[in-house]
Amino acid sequence: MAAHLSYGRVNLNVLREAVRRELREFLDKCAGSKAIVWDEYLTGPFGLIAQYSLLKEHEVEKMFTLKGSRLPAADVKNIIFFVRPRLELMDIIAENVLSEDRRGPARDFHILFVPRRSLLCEQRLKDLGVLGSFMHREEYSLDLIPFDGDLLSMESEGAFKECYLESDQTSLYHAAKGLMTLQALYGTIPQIFGKGECARQVANMMIRMKREFTGSQNSIFPVFDNLLLLDRNVDLLSPLATQLTYEGLIDEIYGIQNSYVKLPPEKFAPKKQGDGGKDLPTEAKKLQLNSAEELYAEIRDKNFNAVGSVLSKKAKVISAAFEERHNAKTVGEIKQFVSQLPHMQAARGSLANHTSIAELIKDVTTSEDFFDKLTVEQEFMSGIDTDKVNSYIEDCIAQKHPLIKVLRLVCLQSVCNSGLKQKVLDYYKREILQTYGYEHILTLHNLEKAGLLKPQTGGRNNYPTIRKTLRLWMDDVNEQNPTDISYVYSGYAPLSVRLAQLLSRPGWRSIEEVLRILPGPHFEERQPLPTGLQKKRQPGENRVTLIFFLGGVTFAEIAALRFLSQLEDGGTEYVIATTKLINGASWLESLMEKPF
């Protein structure tokens, strides 16, 4: 059991156990010793549901990364390929199978597609003459992976690009399948709300799938009261802005992958007297970040400016606890102190790690360039000078700052101005292409198609109306003891989360005009429940809303939703699901065309 998955209103261990059971059943079909050949992208997500110990129990003796030519030698009966349904991976698998030494002992091959089997891939294997070599060709429907007690992700890295640029609905189908799995485990969700074109498609798929399964009535008492489906392109602004929560900044600066972060090792080397800094570790320090760690759960969603004071208070508490040992006189007292020691030492280690991470982040956030960039972002978001060429962006291009940084700022300006005037847009494009290379013309085209960098149509800027109606900009933000979700960006309240907040109270009817300006339809569907399963809420009991971001969600938005869940009079607790955990850089990178 993963304890951090069951602390909330919804026990996500139920989902984790269901996917683990399915994995065990497949492994047991392949009798005898096994080697797994991994599609490298899958190793991170799989690590969250099954450690090596589980695989070992089912006779997995070796693990390899999928790459061309021959497979490494392994004295096993079964070779199992765990892969995403990608054609280029089929070519590598065929190469592996065909280069298998015929003289050695015969080995059985199996293939497990994650999350779906693909006819195209099987046809490719057939064309390459290896389809008949596989005894089992199956799919493992790992759609939603539990990351934390209130967080699920599909970790589908191309979902936004597929949906908005390529009109490919595969990831929407997987999202609908994942939601059907959740309903099978946690009961039918009585009300579905949505905003956006993709949200509409997912809701339609769910309703159709439910009709196809009419035979079996779902008799589980519903855990969720509402489902809110939100398209990422309803709120293109939040991922572009720099996140200012502790977890958000770790992700912005170092990148969190499948709840792990790799950090520069110098800060974590144990300080020894008189060794003059010799033998510093060279390998990156890898830490897992989730709410299983008490201190991290407490500080992850705070504005970074509020983290220092929490760490110093914790340091005092921990040193006072260690001082207690001098007061322990009797055997009973000493025994009690010793029993608390492992917990205290873990707390001290955790504090040391987070103090080091906070120092690393502070080096970045106190730099002049970080301050200048943040100032420009905040001016755009509060509606200042969004319609002319920005001198800071010009300087960044002239000094050839990283292209991602420049694109983020230009896209942010475009979104905060409902598109740029043609003259401004052409100027930026010309400067970017002349400085960074003409191969980036494809990337600029993608950003335009996604609505991130576009000319202003109709000559009207709708952003001020949206900003005022939804109170997206707050001037007086209390970062230490926040009273509003705008603390996560020190002034800007994420539009996506504001929509969720207003849906819960007073309802979307109050903002019909703004909903019409934002892209895509908004809708509401009811799923009838059999009699006896209707929920009667106790006085003071909060509603549970599952909010699904189609196209990605940032840690700052997650922090804002957790803040709403913890409000005394909020009335709603949120569980968050998404196609991918993103930040501005990783999101724009997924839209960039790699130059050949």
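Residues numbered from 1 in each chain as written. Predicted model: local features only at pLDDT ≥ 70, side-chain atom pairs only at ≥ 80, totals over all residues. Heavy atoms only, no water.

## Focus: the domain arrangement of the chain
Right, so step 1: Its domain assignment divides the chain into domain 1 (3-142), domain 2 (147-212 + 220-233 + 520-588), domain 3 (246-265 + 281-366) and domain 4 (369-461).
Right, so step 2: For domain 2 versus domain 3, the distance between C-alpha centres works out to 32 Å.
Right, so step 3: Taken residue by residue, the interface counts eight residues in domain 2 and 11 residues in domain 3.
Right, so step 4: Taken together, both faces of the contact between domain 2 and domain 3 bury some 900 Å²; the carbon and sulfur share is 45%.
Right, so step 5: When residues of domain 2 are sorted by the area they lose upon contact with domain 3, D148, F555 and N583 head the list and together hold 53% of the total.
Right, so step 6: Where domain 2 touches domain 3, the interface holds three salt bridges. (Domains from an automatic or database assignment. Contact = heavy atoms within 4.5 Å. Buried area = accessible area lost by both parts, 1.4 Å probe. Salt bridge = Lys/Arg side-chain N within 4 Å of Asp/Glu carboxyl O.)

## Side note on the pairing of strand β9 (residues 226-231)
Right, so step 1: With six of six residues buried, β9 is to be regarded as a mostly interior element.
Right, so step 2: Judged by which residues are buried, β9 turns out to be covered on both faces: N226, L228 and L230 on one side and L227, L229 and D231 on the other are all buried.
Right, so step 3: Here strand β8 (residues 191-195) runs beside β9; their pairing, made up of five bridges, is parallel. Bridged to Q191 within β9 is N226.
Right, so step 4: Looking at chain direction, β9 and strand β14 (residues 543-550) are connected through six bridges and run parallel. For L230, the partnering residue across the bridge sits in β14 and is F549. (Buried < 20%, exposed > 50% of the residue type's maximum accessible area, 1.4 Å probe, protein only. Helix = DSSP H or I, 4+ residues; strand = E, 2+ residues; numbered from the N terminus. Pairing = 2+ DSSP bridges.)

## A short note on unusual backbone geometry
Right, so step 1: For the bond running from V114 to P115, omega is 0°, close enough to zero to count as cis.
Right, so step 2: Tracing the sequence through the fold places P115 in the loop between β4 (108-113) and α5 (119-127).
Right, so step 3: Look at the link from R505 to P506: it is a cis peptide, with omega at 10°.
Right, so step 4: Structurally, P506 is set in the loop between α20 (495-504) and α21 (512-517).
Right, so step 5: For N258, which is not glycine, the phi torsion reads 50° and is therefore positive.
Right, so step 6: By secondary structure assignment, the location of N258 is in the loop between β10 (256-257) and β11 (260-263).

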